[in-house]
Amino acid sequence: NGNLNPFFQAMCRAQTLQFPHKRSSMVSLDSIRRDPRWRDPNLHEVISMLSHPMDPVKSNAAAYLQHLCYENDRIKQEVRQLNGVPILVELLDHPKAEVHRKACGALRNISFGKDHNNKMAIKSCDGIQALVRLLRKSSSMEVKELVTGTLWNLSSHEPLKMMVINHGLQTLTDEIIIPHSGWRRDSADPSKMQSAEWTTVFKNTSGCLRNVSSDGAEARQRLRECQGLVDALLHALQSAVLNKDTDNKSVENCVCILRNLSYHVHKEIPGAERFQEPHANHLMRSVGHQKKKNEPDCFGGKRPKGWKYGTLDLPKRTEHMKGLELLYQPEVVRLYLSLLTCSHNHNTLEAAAGALQNLAAGHWAWSSYIRATVRKEKGLPILVELLRSDVDKVVRAVAIALRNLAMDRRNKDLIGSYALRDLVGNLPCGQQHPAKNLEGDTVVSILNTIHEIITDSPENARALIQGHAVQKLVAINKSSQSARETKAASHVLQTIWAYKDLRNTLIKAGWNKGHFKVFLTISCGKQGSDDITLPLMDKNQGQQIIACIP
């Protein structure tokens, strides 16, 4: 004890006082400050105390570091430079709960923020593995919150995402996601399932998995194949809808994970080629330009040979769907539409629309079922209503979802009838942007959706002209400062002018061929379906805690 800084001597003495925890904390701090020998220990002394043989000294030193590192990037950097991180990581395996809990708290604060060197320092001394070991062995909810909060911080750094997946994915799923979601592996009876618990540890863990799910194809597939993960996430969201609790951060995280896992699902899941429809695009567009008596109504009527787009001819199921198969089952449409109807969280709305966008993309059987199911569940009016949102990212996600849904002929007719006015209303008029002042990417998405709606549909093109859209399109084509906006507007104008039956209408309205001239060199090739969705990780996400010295 004689070698200890007086600060730590007093701290150790306070450990033996028989006071309730909170009161002893105040007594110990007051006693230290009254001691005339007291001074703040320097950082080198604090870090050296992490290796002291006395456990109370270790835990107090770690707690003090946790306090010092709160919102102080300079101190975090010095801790790293003084090799404090490896010692803290080593203490995660300490048998005393007080020691590993305080060490984890310090690491959580150190890992928070934009300085990724701190995160890499934790990784370099096998900190991710140590955190996962601690999560498995601890029964303390506080420790679990600290561990998952630290992993959430680490998962925001791109190079660490696969490492978190490799060492922690199944443990995070088994220890946190499944128990707190209310889903049970051994119960096929929905009545025996429980409601989700929106705990801090569930929020931390879902935030971590949200980040790692954005890493790429390998990461997505690892999460899809993780036993129980997709089942538990979907159950948690169903619970949220049922209990009308759809605005919290955990729901947002869950929807973002599922949106990311739905991205390129038609290309990446094992055996996807069995469901491909290689000539689907051609077949769909070959069905007459105008309504014919053999064109189906919403569900029913005669169908042209070789292409089924009017009915829901779903495959027969011989067993209960589970795991990654649940991602693209038509039943999931109702869940996303419920979220789009009930939630007021803009990130959740964007993610739910993005999930439908991803599922409706591509030319495989399941995307055809998804497009028809959205129509059957009366989802098109829900999406059209959201085009009136003042939130840019919501409008963009909805516009692209409508574009992919319009690959279904009946959807295209309905979207043309009911969505064109709102799509055109969101467009700027030359240099003058509408009240929403949407970003360029959103304007391009809207233009691409309009292009999809009027392609192979002179009726929709006529409705576009009657909606006074040409004035806006010509203005964008002629004066927009964005090459991408100009290109997208040019595609729409070229498609309109290509309908010879509409030229008289255009000329009578005062337009001529010159107005449809391309002012930017562009490729006239057919654009593919836009199934791109940005990874939804929380860029500003991190977890740190304010620590009082015990």
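Reading guide: rules and limits
Residues numbered from 1 in each chain as written. Predicted model: local features only at pLDDT ≥ 70, side-chain atom pairs only at ≥ 80, totals over all residues. Heavy atoms only, no water. Helix = DSSP H or I, 4+ residues; strand = E, 2+ residues; numbered from the N terminus. Buried < 20%, exposed > 50% of the residue type's maximum accessible area, 1.4 Å probe, protein only. Contact = heavy atoms within 4.5 Å. Areas by Shrake-Rupley, 256 points an atom, 1.4 Å probe, with all protein chains shown as cover. Phe/Tyr/Trp six-rings, centres within 6.5 Å; stacked < 30°, edge-to-face > 60°. Axes fitted to C-alpha atoms, helices over the stretch in contact; angles between N-to-C directions. Parallel < 35°, antiparallel > 145°, perpendicular 65-115°, else oblique. Left-handed = near helix turned anticlockwise from the far one by under 90°. UniProt positions renumbered as here; feature names shortened; annotations may be inferred. Salt bridge = Lys/Arg side-chain N within 4 Å of Asp/Glu carboxyl O. Expected span 1.5 Å × (residues − 1). Polar contact = N/O pair within 3.5 Å; in protein donor to acceptor, adjacent residues only side chain to side chain. Arc of directions from axis to C-beta. Nonpolar A, V, L, I, M, F, W, Y, C, P; charged D, E, K, R; others polar.

(A) Structural detail: the overall build of the protein chain. Counting secondary structure elements, the protein chain contains 29 helices and zero strands. Counting only residues that meet the buried cut, the protein chain has 58% of its 550 residues in that class. Considering only residue pairs separated by 6 or more positions, the protein chain has 76% of its internal contacts joining residues 24 or more positions apart. Carbon and sulfur atoms make up 51% of the accessible area of the protein chain, which totals about 24600 Å².

(B) View of the environment of Leu326. Mapped onto the elements of the fold, Leu326 is located in the loop between helix H17 (280–286) and helix H18 (332–342). Remark: the alpha-carbon pair of Leu326 and Leu234, spanning 92 residues in sequence, is separated by 8.4 Å. Ignoring anything within four residues of it in the chain, the contact list for Leu326 reads Val230, Asp231, Leu234, Met321 and Val332.

(C) How the structure looks around unusual backbone geometry. One non-glycine residue, Glu71, lies in the positive phi region at around 55°. By the secondary structure assignment, Glu71 is in the loop between helix H4 (55–69) and helix H5 (73–81). Non-glycine residue His264 carries a positive phi angle of around 55°. For His264, the position within the fold is in the loop between helix H15 (249–262) and helix H16 (265–268). By relative accessible area, which is 17% here, His264 ends up buried.

(D) Representation of the environment of Val89 within the structure. Mapped onto the elements, Val89 comes out in helix H6 (residues 84–91). When the C-alpha atoms of Val89 and Ile122 are compared, they prove to be 7.2 Å apart, with 33 residues separating the residues in sequence. If we ignore the near neighbours within four places in the chain, the residues touching Val89 are Leu107, Ile122, Cys125, Asp126, Gly127 and Ala130.

(E) Quick peek at the packing of aromatic side chains. Per the counting criterion, the structure on display carries five aromatic pairs. By the ring-pair criterion, three or more aromatic residues cluster together here, those being Tyr328, Trp364, Trp366 and Tyr369.

(F) Looking closely at the packing of helix H14 (residues 229–242) against H18. One can describe the packing of H14 onto H18 by two numbers: an axis separation of 10 Å at closest approach and a directional angle of 45°. Taken together, the axes of H14 and H18 are oblique relative to one another. H18 is crossed by H14, and the crossing has left-handed handedness. Residues Leu234, Leu237, Gln238 and Val241 of H14 form the contact with H18, whose participating residues are Val332, Leu335, Ser338 and Leu339.

(G) Structural detail: the UniProt feature "repeat: ARM" (unreviewed entry) in the protein chain. Per the UniProt entry, the sites bearing "repeat: ARM" (unreviewed entry) are residues 83–111, 126–169 and 378–415 in this numbering. Secondary structure content for residues 378–415 is 76% helix and 0% strand, and the end C-alpha separation is 12 Å.

(H) A look at the pattern of salt bridges. Tallied over the entire structure, the rule returns 25 salt bridges. In this structure, Lys102 and Glu98 form a salt bridge, with 2.6 Å as the shortest nitrogen-oxygen distance. Of this pair, Lys102 and Glu98 both sit in helix H7 (residues 97–111), four residues apart, roughly one helical turn. What makes Glu98 partly exposed here is its relative accessible area of 31%. Shared partners join several salt bridges into a network, and the residues in it are Glu98, Arg101, Lys102 and Glu142.

(I) Seen up close, H15. With 14 residues, H15 extends 20 Å from end C-alpha to end C-alpha; this agrees with the ideal 20 Å at 1.5 Å per step. Put simply, Asn248 is the residue that caps the front of H15, since its side-chain oxygen is 3.0 Å from the backbone nitrogen of Ser250.

(J) Structural context of helix H21 (residues 379–386). The set of residues buried in H21 consists of Gly379, Leu380, Leu383, Val384 and Leu386. Projected onto a plane normal to the axis of H21, the buried residues spread over an arc of 160° and lie on a single side. Each element contacted by the buried residues of H21 is listed here: H18, helix H19 (346–359), helix H20 (365–376), helix H22 (392–405), helix H23 (409–418) and helix H24 (420–425).

(K) Quick peek at the packing of H19 against H22. Here H19 crosses H22 at 15°, and the two axes come no closer than 8 Å. Viewed along their axes, H19 and H22 adopt a mutual orientation that is roughly parallel. Every pair of crossing elements has a handedness; the one defined by H19 and H22 is left-handed. Two secondary-structure elements touch here, H19 through His346, Asn347, Leu349, Glu350, Ala353, Gly354 and Gln357 and H22 through Lys393, Val394, Ala397, Val398, Ile400, Ala401 and Asn404. Residues belonging to the contact of H19 with H22 are distributed by class as follows: seven nonpolar, five polar and two charged.

(L) Fine view of the side chain of Asp392. You can see Asp392 is positioned in helix H22. In terms of polar contacts, Asp392 uses its side chain to reach the backbone amide nitrogen of Glu439, at 2.7 Å. A distance of 2.8 Å separates the side chain of Asp392 from the side chain of Thr442, its partner in a polar contact. If sequence neighbours within four positions are ignored, Asp392 has contacts with Leu438, Glu439 and Thr442.

(M) Summary view of the side chain of His180. Counting through the fold element by element, His180 comes out in helix H11 (residues 161–181). Not counting the four nearest positions on each side in its chain, His180 is found in contact with Met141, Glu175, Ala196, Glu197, Thr199, Val201 and Phe202.

(N) The arrangement of the environment of Trp364 in detail. Relative to the helices and strands, Trp364 resides in the loop between H19 and H20. With relative accessibility at 1%, the residue Trp364 sits in the buried group. Distance from Trp364 to Lys267, taken between C-alpha atoms, is 9.1 Å for residues 97 residues apart in sequence.

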